[in-house]
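So you can see what is in the structure, the chains are spelled out below.
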Amino acid sequence: MISWRGKGRTWLCSPTCPKGCPTGTSRRPPGQSFFVARYLSGRLRMVKPEPQVYRYVLKGLGAAPEDVVFIDDNRANIEAAEALGMRVVLLREDTDLRQELALLGEPA
């Protein structure tokens, strides 16, 4: 989730983890305080684009899909998030993320 003027939280759902980091759900990991939570699929035994991983993260954050912007570089992951009601940005090498977020506007 991306913050709009401090109104949101930023989280990570990833299949990978830097060496030495804990697995599973972690709140404010050392050295990665940008994320309020990390969801690591290896520990969760769920992977994108399976819908249950998105639902699990939404539930853990207490967030409604329409209040989330999902950013990913994989079209299948984007389509799965969009199907659940999230707003999405397909990240490419030339994506201007600030512009894409501005176009989406603030959540309702």
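Our subject is the structure that appears above.
Residues numbered from 1 in each chain as written. Predicted model: local features only at pLDDT ≥ 70, side-chain atom pairs only at ≥ 80, totals over all residues. Heavy atoms only, no water.

## Quick word on the overall build of the protein chain
Link 1 in the chain: Of regular secondary structure, the protein chain possesses 4 helices and 5 strands.
Link 2 in the chain: Taken over 108 residues, the protein chain has a buried fraction of 36%.
Link 3 in the chain: For the protein chain, contacts bridging at least 24 residues in sequence account for 39% of all contacts bridging at least 6.
Link 4 in the chain: Working note: accessible area of the protein chain is about 6800 Å², and carbon and sulfur atoms make up 51% of it. (Helix = DSSP H or I, 4+ residues; strand = E, 2+ residues; numbered from the N terminus. Buried < 20%, exposed > 50% of the residue type's maximum accessible area, 1.4 Å probe, protein only. Contact = heavy atoms within 4.5 Å. Areas by Shrake-Rupley, 256 points an atom, 1.4 Å probe, with all protein chains shown as cover.)

## Some thoughts on the environment of Tyr56
Link 1 in the chain: Examined against the element boundaries, Tyr56 turns out to sit in helix H2 (residues 51-61).
Link 2 in the chain: Separated by 17 residues in the primary sequence, Tyr56 and Tyr39 have C-alpha atoms spaced 9.2 Å apart.

## Comments concerning the environment of Pro65
Link 1 in the chain: Positionally, Pro65 belongs in the loop between H2 and strand S4 (69-72).
Link 2 in the chain: In this view, Pro65 contacts Leu58, Leu84, Gly85, Met86 and Arg87; residues no more than four positions away in its chain are not counted.

## Some remarks on the packing of aromatic side chains
Link 1 in the chain: Under the definition given, this model contains 2 aromatic pairs.
Link 2 in the chain: Here Tyr39 and Tyr56 contribute two aromatic rings whose centre-to-centre distance is 6.1 Å and whose plane-to-plane angle is 85°, an arrangement assigned as edge-to-face. Here Tyr56 lies in helix H2 and Tyr39 lies in strand S3 (residues 37-40), a separation of 17 residues in the sequence.
Link 3 in the chain: With a centroid separation of 5.3 Å and 75° between ring planes, the pair formed by Tyr54 and Phe70 is classed as edge-to-face. (Phe/Tyr/Trp six-rings, centres within 6.5 Å; stacked < 30°, edge-to-face > 60°.)

## Observations regarding the pattern of salt bridges
Link 1 in the chain: Throughout the structure, instances matching the rule amount to 1 salt bridge.
Link 2 in the chain: The shortest N-O distance in the salt bridge between Asp72 and Lys48 comes to 3.0 Å. Within this pair, whereas Asp72 is found in strand S4, its partner Lys48 is found in the loop between helix H1 (41-44) and H2, the two being separated by 24 residues in sequence. (Salt bridge = Lys/Arg side-chain N within 4 Å of Asp/Glu carboxyl O.)

## Describing the environment of Glu66
Link 1 in the chain: Along the chain, Glu66 turns up in the loop between H2 and S4.
Link 2 in the chain: Residue Glu66 is classed as partly exposed on the basis of its relative accessible area, which comes to 47%.
Link 3 in the chain: Taking the C-alpha atoms as reference points, Glu66 and Gly85, 19 residues apart in sequence, are found 5.5 Å from one another.

## Regarding H2
Link 1 in the chain: Those residues of H2 not exposed but buried are Val53, Tyr54, Val57, Leu58 and Leu61. Viewed along the axis of H2, the buried residues span an arc of 135°, placing them on a single side of the element.
Link 2 in the chain: Gly62 occupies a position one or two residues after H2 and carries a positive phi of about 65°. (Arc of directions from axis to C-beta.)

## A closer look at the side chain of Asp72
Link 1 in the chain: Judged by its relative accessible area of 7%, Asp72 is buried.
Link 2 in the chain: Here the side chain of Asp72 touches Lys48 through a polar contact of 3.0 Å, side chain to side chain.
Link 3 in the chain: In this structure, Asp72 is in contact with Lys48, Asn77, Ile78, Val89, Leu90 and Leu91, ignoring residues within four places of it in sequence. (Polar contact = N/O pair within 3.5 Å; in protein donor to acceptor, adjacent residues only side chain to side chain.)

## Notes on the nonpolar core
Link 1 in the chain: In this structure, Tyr39, Tyr54, Leu61, Phe70, Ala81 and Met86 are the most contacted members of the largest nonpolar core, which totals 19 residues.
Link 2 in the chain: Broken down by secondary-structure element, the contributors of at least two residues to this core are S3, H2, helix H3 (75-83) and strand S5 (87-90).
Link 3 in the chain: The element contributing the most residues to this core is H2, with 5 residues. (Core = buried A, V, L, I, M, F, W, Y, C linked by side-chain atoms within 4.5 Å.)

Purely geometric numbers; function is a separate question.
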